[in-house]
Amino acid sequence: MRGKGPLYIVPWRCTFACDSNCVHCASASKPAFPDEVDTAGAMRIVDQAYDFGASFFGITGGEALLREDLFEVIRYAKKIGLNTSIITDGHLLDAKAFENIVKNEVRVSISIDGGEATNDLIRGKGTYRSTVSAIEKLSREKLLNCLVYTLANVNESVSNVNSDDFTHVLDLAAKYGARWVIYHGFIPYSKDEASLKASPSAQQYEWAWNKLYDLQSTYKGKPEINVYYPSFARVAKQREMPDFDNWFNHFFLGRCFFGKFMSVAENGDVIPCSFNDVYRLGNVKTKSLSSIWDEMQNSEFFSKVRDKSNLKGKCGVCEYKDICGGCRTSALFFTGDIFESDPKCAYVPKVLREE
């Protein structure tokens, strides 16, 4: 393993195709894009990730298991010395796919959004049972990595932002040995109004982050609870998390990495955030990941976004902006301005309360 590059993992969205219809997902029930890279192109992306110094090649979708040459690409990654991981909900994990995962030692994270009733309302009827079946199989082979839970509203009266669904998934993770449950805030992929309706409110997020903070004490690391949203850091700081700096710098996944991270889209374009397709940084067909990374680090625009002194609104005056600063992609799609305040944060900064 090289493992000496600026990023530990390079994610590749191997296809936009998906045969599910999740309420919170941009790729729900959509076909593959016509310009998705072929097998040779996919292997060049693997080479790029290796040359860039990554330790892991992370494969996402859409639904990754819909890509017909997926395991051919994974075998190649393993051959040249890259660890591989997949995110899936497991409903396509048939005997052949499972055999390939075991043979290639692929680490698998499973998407699940609550107990059976809630999960099936979000992801489609019957998905919960197929997902738990996949969890059981992967657990036996010690290839189950994380469970991934996206906070979402199905409609005005049904949501998975509640204690019962939170703890149900934590209990599943504990039973089957998943090391983490990662709770994702809803991060939109576009301004599509139907998709944006799935987003929890700022007040729901505030309740959720405090509840998950409390649940850390209940589960005591079995499994660990991680949160993929910046404002959880503010809650953890307010709640006086022990050894906060070490947790923030070495464990917390929710820092906004816009302009500090790269993902590769299905056509080879490089994007600065796995949830933001608006900004395209170049294509690995014509540029190396290393050169694209260097260009992003030296870009006036990305430097400006990384500098939190440029934030507007309440994010710009918040005393917690150095550890939070909101989600820039949420700000872009909900307000139209990437520098604006994240509207999914309920906190009122001290300076505004004193006015």
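Higher on the page you've got the structure.
Residues numbered from 1 in each chain as written. Predicted model: local features only at pLDDT ≥ 70, side-chain atom pairs only at ≥ 80, totals over all residues. Heavy atoms only, no water.

A.B. asks: It is not clear to me how the side chain of D269 should be interpreted in this structure. Could you clarify?
C.D. replies: One can find D269 in the loop between β8 (263–264) and β9 (270–271). Among all residues touching D269, those that are not within four sequence positions of it are S263, V264, R280, G282 and N283. (Helix = DSSP H or I, 4+ residues; strand = E, 2+ residues; numbered from the N terminus. Contact = heavy atoms within 4.5 Å.)

A.B. asks: Looking at this structure, I do not really get the pairing of strand β6 (residues 180–184). What am I missing?
C.D. replies: For a regular strand, side chains alternate in direction, first toward one face of the sheet and then toward the other. With respect to burial, β6 is a largely interior element, 5 of its 5 residues being buried. Because side chains alternate across β6, one face comprises the buried residues W180, I182 and H184, and the other comprises V181 and Y183, equally buried. Note: strand β5 (residues 144–150) against β6, 5 bridges, orientation parallel. Its bridge partner being in β6, C146 is matched across the sheet by W180. Read from β5 through helix α6 (residues 163–176) to β6, the crossover connection turns out right-handed. Relative to strand β7 (residues 224–228), β6 runs parallel, the two sharing 5 bridges. (Buried < 20%, exposed > 50% of the residue type's maximum accessible area, 1.4 Å probe, protein only. Pairing = 2+ DSSP bridges. Right-handed = clockwise from strand over helix to strand, strands pointing away.)

A.B. asks: Which parts of the structure should I look at to understand the pairing of strand β3 (residues 83–88)?
C.D. replies: The pairing of strand β2 (residues 56–60) with β3 spans 4 bridges and is classified as parallel. Along β3, the bridge assignment pairs F57 with T84. Each parallel crossover has a hand, and the one from β2 via helix α2 (residues 70–80) to β3 is right-handed. Pairing of β3 with strand β4 (residues 107–111), which is carried by 4 bridges, proceeds in the parallel orientation. Paired with I87 across the bridge in β4 is S109. Following the chain from β3 across helix α3 (residues 95–103) to the adjacent parallel β4, one finds a crossover that is right-handed.

A.B. asks: For this particular structure, what's the right way to read the side chain of N283?
C.D. replies: With respect to the helices and strands, the residue N283 is situated in the loop between β9 and α11 (289–297). Residues within four places of N283 in sequence aside, it is in contact with N267, G268, D269 and I292.

A.B. asks: Even after reading the chapter, I still don't get the pattern of salt bridges, so can you show me in this structure?
C.D. replies: Pairing of side chains with opposite charge becomes possible as their charged atoms draw close. Applying the stated rule across the entire model yields 15 salt bridges. Put simply, R67 and D69 hold a salt bridge, and the shortest N to O gap is 2.5 Å. When sorted by exposure, R67 lands in the same class as D69, which is buried. A salt bridge links K78 to E105, with the nearest nitrogen and oxygen atoms 2.6 Å apart. Here E105 lies in the loop between α3 and β4 and K78 lies in helix α2, a separation of 27 residues in the sequence. Given a relative accessible area of 34%, K78 falls into the partly exposed group. Among the ionic contacts, a cluster of salt bridges with common partners joins R13, E266, D269, D277 and R280. (Salt bridge = Lys/Arg side-chain N within 4 Å of Asp/Glu carboxyl O.)

A.B. asks: How should I be thinking about the nonpolar core in this particular structure?
C.D. replies: The tendency in soluble globular proteins is for nonpolar side chains to be buried as a group. Ranked by internal contacts, the top residues of the largest apolar core, which has 102 residues, are W12, L147, W209 and W247. In terms of residues, this core owes the most to one element, helix α8 (residues 202–219), which gives 7 residues. If we ignore the near neighbours within four places in the chain, the residues touching L147 are I110, I112, I135, V169, L172, A173, A178, W180, V181 and I182. (Core = buried A, V, L, I, M, F, W, Y, C linked by side-chain atoms within 4.5 Å.)

A.B. asks: Quick question: what am I supposed to make of helix α9 (residues 231–238) here?
C.D. replies: The element α9 is largely enclosed, with a buried count of 6 among its 8 residues. Those residues of α9 that fall on the buried side of the exposure criterion are S231, F232, A233, R234, V235 and A236. Where the residues of α9 are buried, they touch α8, β7 and α10 (244–250). In the stretch just after α9, E240 is the one whose phi turns positive, near 60 degrees.

A.B. asks: Would you mind showing me how to read the packing of helix α1 (residues 39–52) against α2 here?
C.D. replies: What describes two packed helices is the angle between their axes and the distance between those same axes. Taken N-terminus to C-terminus, the directions of α1 and α2 make an angle of 30 degrees; their axes are 10 Å apart at the nearest point. The orientation of α1 relative to α2 falls into the category roughly parallel. Along this stretch, α1 crosses α2, giving a crossing that reads as right-handed. Judged by residue contacts, T39, A42, M43, V46, D47 and Y50 of α1 engage E72, V73, Y76, A77 and I80 from α2. Residue composition of the contact of α1 with α2, grouped by class: 8 nonpolar, 1 polar and 2 charged. (Axes fitted to C-alpha atoms, helices over the stretch in contact; angles between N-to-C directions. Parallel < 35°, antiparallel > 145°, perpendicular 65-115°, else oblique. Left-handed = near helix turned anticlockwise from the far one by under 90°. Nonpolar A, V, L, I, M, F, W, Y, C, P; charged D, E, K, R; others polar.)

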